[in-house]
Amino acid sequence: MYRIAAIGGDGIGPEIVAEGKKVLEAAGEKHGFDIQWTDFDIGADRYLAEKKLLTDDDLAELKTFKAIYFGAIGDERVKPGILEKGILLALRFHFDLYVNLRPIRLLEGVETPLANKGPKDIDFVVVRENTEDFYVGIGSRFKKHQKTELDVVRDLYHVKFCLDVKTDADELAYQIGVITREGAARVQEYAFDLAMQRKKKLTSVDKANVLSDVYGLWRDVFLDTAKRYPEVHTEFNFVDAVTMWFVKNPEWFDVVVTPNMFGDIITDLGAMIQGGLGLAPGGNINPKGTSMFEPIHGSAPKYRGQGVANPIATIWAGSLLLDHLGEHEAAAAVVKAIEQSIRDGVVTRDLGGSAGTAKAGSYIAECIKKK
Ligand code: IPM
Ligand code: MN
């Protein structure tokens, strides 16, 4: 029996997680395991009612689970950034979920906006670093002149900033990206190991030509790590070029490893070439601890409660969750069943079908049971 935590969250989150649970239960029935769910009331509603984002009690309890099944966070009643940083990023950082695994795969029967490309061309995995870079939260905004951290930096390093903040019109902000040798090495190792199981080809993404400190270190670590994997063919791509090649030659890629922020950006592009955000899953993984699985898309508040959201991204994330539990056959069966539902046209309207969220989810669950 597996104990799994579920956080539906905001917007369409609860609806799509409900479908994911159905499907994972069906996979359990078929493949001989039970799942016991524990639901957590975390998200905008609780925040608005009780001013609580993630409490120490939440974290202590969540830690007792091997996996968290996560819907989405984000609500129009709350200023952007509060829930995202206070819940989603807080979970990624607290549990040190340093691998953000995002498969970009065009399933049979799904349309891609890329002309003349098919499922054989679009099948790669992005391994996004998930705990460093510009996501570390070091930064400040300055209005009026005041003795601040900025002055300390200025005094320490004798830097002259182009603006001296004396009035609101001079307002200034800065934010710092951090890459550590250990942080880069551990996620790159994960990517190399994955490349060894796939086509032994790994592309590293950076912008070492401009942000040469942070991404220079990323690159140095990559070169060091590569020495331990002589069988893996490696390449560097600048992030701007990667966006071009994802569109022009997606078949070049197999495993892609990237710092956090570039990974955020290029996986939205990846989601589009695999047929849309409604299809793109993600895993936030700490190979040794509690990990969290979620769709890449957000909470889409305007579709809340309408039963129209595509549950596939979440169901596919459920397949990644099963992989994390070691239930590889069941995980593969979930993706097969998703493909079956697409072939049979029992899909939501974003994929050209007429099924609602629950019908699309139930159909996938049925496909697993019938196999
Ligand atoms: C994602 C999201 C998050 C991110 C936001 C909601 C904090 O865009 O999972 O890609 O930037 O990582
Ligand atoms: Mn994103």
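Check the entry above for the structure.
Bear in mind the structure is a predicted one, so any value in this text is a computation, not a measurement.

Draft legend 1. Broad picture of the overall build of the protein. Check the secondary structure of the protein and you find twelve helices and twelve strands. The C-alpha radius of gyration of the protein comes to 22 Å, within 12% of the 21 Å expected for a compact globule of 371 residues. For the protein, the spread of C-alpha atoms along the three principal axes comes to 70 × 55 × 40 Å. Taking all 371 residues of the protein together, 54% fall into the buried category. When contacts within the protein are restricted to residue pairs at least 6 apart in sequence, long-range pairs at least 24 apart make up 75% of them.

Draft legend 2. A look at the site of ligand 1. In the vicinity of ligand 1, the residues found are Glu84, Leu88, Leu89, Arg92, Arg102, Arg128, Tyr135 and Asp264. The side chain of Arg92 places a nitrogen or oxygen atom 2.7 Å from an oxygen atom of ligand 1. In the environment of ligand 1, an oxygen atom lies 2.8 Å from a nitrogen or oxygen atom belonging to the side chain of Arg128. Protein contact buries 77% of the 320 Å² of open area that ligand 1 shows by itself. The biggest single contributor to the shell around ligand 1 is helix α4 (residues 82-94), with four residues. Looking at side-chain class alone, the shell around ligand 1 contains three nonpolar, no polar and five charged residues.

Draft legend 3. Quick peek at the packing of aromatic side chains. All told, the structure shown has eleven aromatic pairs when counted by the stated rule. Measuring from centroid to centroid gives 6.0 Å for Trp37 and Tyr69, while their planes differ by 25 degrees, and the two rings are stacked. Taken together, the positions of Trp37 in strand β2 (residues 35-39) and Tyr69 in strand β3 (residues 67-72) put the pair 32 residues apart, joining distant regions of the chain. On the basis of relative accessible area, Tyr69 is assigned to the buried category, the value being 0%. Taken together, the ring pairs connect Phe192, Phe222, Tyr229 and Phe236 into an aromatic cluster. Sitting above the plane of the Tyr47 ring, Lys51 keeps its charged end 4.5 Å from the centroid.

Draft legend 4. Fine view of the pattern of salt bridges. Considering all chains together, one arrives at 23 salt bridges under this definition. Salt-bridge contacts for Arg141 lead to Glu171; the nearest nitrogen and oxygen are separated by 2.7 Å. Taken together, the residues span a long stretch of sequence, with Arg141 in strand β6 (residues 133-142) and Glu171 in the loop between α5 (149-157) and β7 (172-178) at a distance of 30 residues. Classification of Arg141 as exposed rests on a relative accessible area of 61%. Since its relative accessible area comes to 28%, Glu171 is described here as partly exposed. The shortest N-O distance in the salt bridge between Arg198 and Asp254 comes to 2.9 Å. Taken together, the residues span a long stretch of sequence, with Arg198 in the loop between α6 (181-197) and β8 (201-206) and Asp254 in the loop between α8 (239-248) and β10 (255-258) at a distance of 56 residues.

Conventions used here
- The numbering scheme is per chain: residues are counted from 1 as the chain's sequence reads.
- Both sets of labels track the order of writing: A upward for chains, 1 upward for ligands.
- Only residues with pLDDT of at least 70 are given local features in this predicted model, and only at 80 or more are side-chain atom pairs given and counted; all residues enter the totals for whole chains, interfaces and linings.
- Heavy atoms from the whole structure form the basis of all side-chain values; hydrogens and water molecules are not counted.
- Comment: elements are numbered from the N terminus, with helices defined as DSSP H or I runs of at least four residues and strands as E runs of at least two.
- We compute the radius of gyration from the C-alpha atoms alone; for a globule the expected value is 2.2 Å times N to the 0.38, where N is the number of residues.
- Burial status follows relative accessibility: with a 1.4 Å probe on protein chains alone, a residue under 20% of its type maximum counts as buried, one over 50% as exposed, and anything between as partly exposed.
- Contacts: residue pairs with any heavy atoms within 4.5 Å of one another.
- Neighbouring residues are identified by heavy atoms, a residue being near a molecule or strand if any of them is within 4 Å of it.
- Distance and chemistry together define a polar contact, namely a pair of N or O atoms within 3.5 Å, with one atom able to donate a hydrogen and the other to accept it when in protein, and with adjacent residues in sequence counting only for side-chain atoms on both sides.
- In short, Shrake-Rupley with a 1.4 Å probe defines the accessible areas, and a residue's cover is counted only from the protein chains shown.
- Residue type decides the class: Asp, Glu, Lys and Arg count as charged, Ala, Val, Leu, Ile, Met, Phe, Trp, Tyr, Cys and Pro as nonpolar, and the leftover types, Gly among them, as polar.
- Pairing of aromatic side chains here covers Phe, Tyr and the six-membered ring of Trp, requires ring centres within 6.5 Å, and sorts the geometry by plane angle: under 30 degrees stacked, over 60 edge-to-face, intermediate tilted.
- Only lysine NZ and arginine CZ atoms are considered, and such an atom sits over a ring when it is within 6 Å of the ring centre and within 35 degrees of the ring normal.
- We count a salt bridge whenever a side-chain nitrogen from Lys or Arg sits within 4 Å of a carboxyl oxygen from Asp or Glu.

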